[in-house]
Structure formats: C-alpha cells, structure tokens
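Single-letter residue listing:
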Amino acid sequence: MSKQKREISSESPKSQIVRYCIILGLLAVVILGFYFYLTNQSKNSDRQAEENMNEAQVLKQYDLEKQYPKSIREVVKLHCRLLKVIYNGNLEEQDMQALNMQARKLFAEELLAENDEEEQFASLQKEVTEFQSAGKVFVNYTIDVEDDISYRTINGAELATLYVTCSIRENGTTNFVEEQYLLKKEDGRWKLLGWQGLMPEDAAGDK
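Not measured: the values here are computed from a predicted model. (Residues numbered from 1 in each chain as written. Predicted model: local features only at pLDDT ≥ 70, side-chain atom pairs only at ≥ 80, totals over all residues. Heavy atoms only, no water.)

Looking only at helices and strands, the protein chain has six helices and six strands in total. Helices and strands appear in the protein chain in the N-to-C order α-α-α-α-α-α-β-β-β-β-β-β. Long-range contacts, defined here as pairs at least 24 residues apart, represent 58% of the contacts in the protein chain between residues at least 6 apart. For the protein chain, the exposed surface amounts to about 14100 Å²; the carbon and sulfur share of it is 50%. (Helix = DSSP H or I, 4+ residues; strand = E, 2+ residues; numbered from the N terminus. Contact = heavy atoms within 4.5 Å. Areas by Shrake-Rupley, 256 points an atom, 1.4 Å probe, with all protein chains shown as cover.)

Right, here's the structure in full:
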C-alpha cells in the first residue's frame, strides 16, 4: 500500500502539468473559435445590410473623403451612378439633395465656383421633373475604355476628356445620347470640370 502511494505521489505533479496544458490549449482553441465566429458574423451582417440597401442608400453613405475614385473612369462612373438614381428615382427632396451633394464632391473648384449650390440644385430639380414628366428612364451608360481617354496639359493643368454613351428610354424607344466629360487633376484627384450632351442617336429599336 505504501509503495502505491509513493508512485501516485511522484507522478501527480507531472500529470497535473499535462492536464493544465491540455485544458489551457482547449480553452485557447475555444476562445479563438468564438472570436472568429463573432468576426465572421459581424462581416456577414455588414455585407447583408449593404446588400439590403438600395442604390440611393449606398451612394448617400459613400465616403468620398476616404474612398475617392482612383481613376478617371471611376470618377465618371460614380457620377453616372448618381445621375441615374437622381433622374430615375421618386426621391424625397432631402434624399435628392444628399445625392447632389455627393455629386458636387466630384466637382473641380472651378465648376463649384460657377455653380452656386442652391441655384444648381433648383436647376437639377427642374430638369428631373421635366425628364420624368416626359416618361423618360435612364436605362444605362457605357464609359470609354482607358485607351480612349484623351490627355493634355494646358498652363500646367492636367486635363482629360472621355465620352459616355447614355441610353434613355422614352415611349418604348431607346435613344442613345453621347456625353463628353472634361476632368482636371487637383491635388492628385481627378475632378469634373464639366460635361455636355452631344447629338443623340435614335436606336433602330427598343433594347
């Protein structure tokens, strides 16, 4: 009996250490697993929330200070997305104003100086009302590829020109309107100096 007690006494500290290591290892695995579970749940929730938002909500929350478009095409694309929502949506005035403010963040300083905020918004509201009253729908847009962008420098200012083809549906027919965009580089960011519609091409049929 005394021999058995001595054997148990001599093995007990080692067994305890091994047991503690196993328990601590299991706890670490459980904690890490729970952490990754919560992280994935949070990411999935954020992704699901974004997917459930409509385009107007997504664009209103777009942080242009932290996520300003890096290329000319991305600047123009974002502007087209904003215009498409503004012209197509039955928006509340505050929502249209919020989207217009997002669009103005893409404007060059010269364009902002030439367009008072209140006057520009009033003009936009009038254009949207006329557009919708005519039964028009902004269907889609196609932006020039990178190779088609024209660059030039005037008095030290870097300028770029590209074209966008907008498809506008009216009375069952889709018309294609070509828009010319002019951009200027300011503080490393491409900004809109202006855009204008060129002669529209009537489509042969509804697309």
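Let's shift gears to the nonpolar core. Grouped together as the largest cluster of nonpolar side chains are 37 residues, with contacts concentrated most on V76, L106, L162, V164, Y181, L183 and L192. The element that contributes the greatest number of residues to this core is helix 3 (residues 72-88), accounting for ten residues. Beyond its immediate stretch of four places on either side in the chain, V76 contacts I143, L162, V164, Y181 and L183. (Core = buried A, V, L, I, M, F, W, Y, C linked by side-chain atoms within 4.5 Å. Buried < 20%, exposed > 50% of the residue type's maximum accessible area, 1.4 Å probe, protein only.)

Before going further, it helps to spend a moment on a nonpolar patch on the surface. Together, Y20, I23, L24, L27 and I31 make up an exposed nonpolar region whose accessible area comes to about 540 Å². Examined against the element boundaries, I23 turns out to sit in helix 1 (residues 2-52). (Patch = residues over 30% accessible without salt bridge, like charges linked within 9 Å, V, L, I, M, F, W, Y side chains within 5 Å. Salt bridge = Lys/Arg side-chain N within 4 Å of Asp/Glu carboxyl O.)

Within this structure, the stated rule accounts for five aromatic pairs. Judged by centre distance (5.1 Å) and plane angle (80°), the rings of Y87 and F131 are edge-to-face. Of this pair, Y87 sits in helix 3 while F131 sits in helix 6 (residues 117-133), and the two are 44 residues apart along the sequence. The same class applies to Y87 and to F131, which are both buried. (Phe/Tyr/Trp six-rings, centres within 6.5 Å; stacked < 30°, edge-to-face > 60°.)

Since one α-helical turn is 3.6 residues long, residues separated by three or four positions face the same way. Compared with an ideal rise of 1.5 Å per residue, which puts 17 residues at 24 Å, helix 3 spans 24 Å between its outermost C-alpha atoms and is within 8% of the ideal. Turning to helix 3, its buried residues are I72, V75, V76, L78, H79, C80, L82, L83, V85, I86 and Y87. (Expected span 1.5 Å × (residues − 1).)

Here the focus is the pairing of strand 4 (residues 173-186). On any regular strand, side chains alternate: one points to one face of the sheet, the next to the other face. Judged from the twelve bridges that link them, strand 3 (residues 157-170) and strand 4 form a sheet pairing that is antiparallel. When the bridges of strand 4 are listed, T161 appears paired with L182. The hairpin turn running from strand 3 into strand 4, its antiparallel successor, is two residues long, and N171 in that turn takes a positive phi close to 55°. Sheet topology note: the strand 4/strand 5 (residues 189-197) ladder contains eight bridges and is antiparallel. By the bridge assignment, E179 is partnered in strand 5 with G197. What sits between strand 4 and strand 5 in their antiparallel hairpin is a turn of two residues, with D187 showing a positive phi close to 50°. (Pairing = 2+ DSSP bridges.)

For the coordinates displayed, the defined rule picks out three salt bridges. One salt bridge in this structure joins E55 and R81, with 2.8 Å as the shortest N-O distance. Residue E55 is located in helix 2 (residues 55-60), and its partner R81 is located in helix 3; the two are separated by 26 residues in the primary sequence. The class of R81 is partly exposed, set by a relative accessible area of 22%. In this structure, D95 and K60 form a salt bridge, with 2.7 Å as the shortest nitrogen-oxygen distance. Of this pair, D95 sits in helix 4 (residues 93-104) while K60 sits in helix 2; the two residues are 35 residues apart in sequence, bridging distant segments of the chain.

Interpretation note: all reported values are geometric properties and have no functional meaning in isolation.
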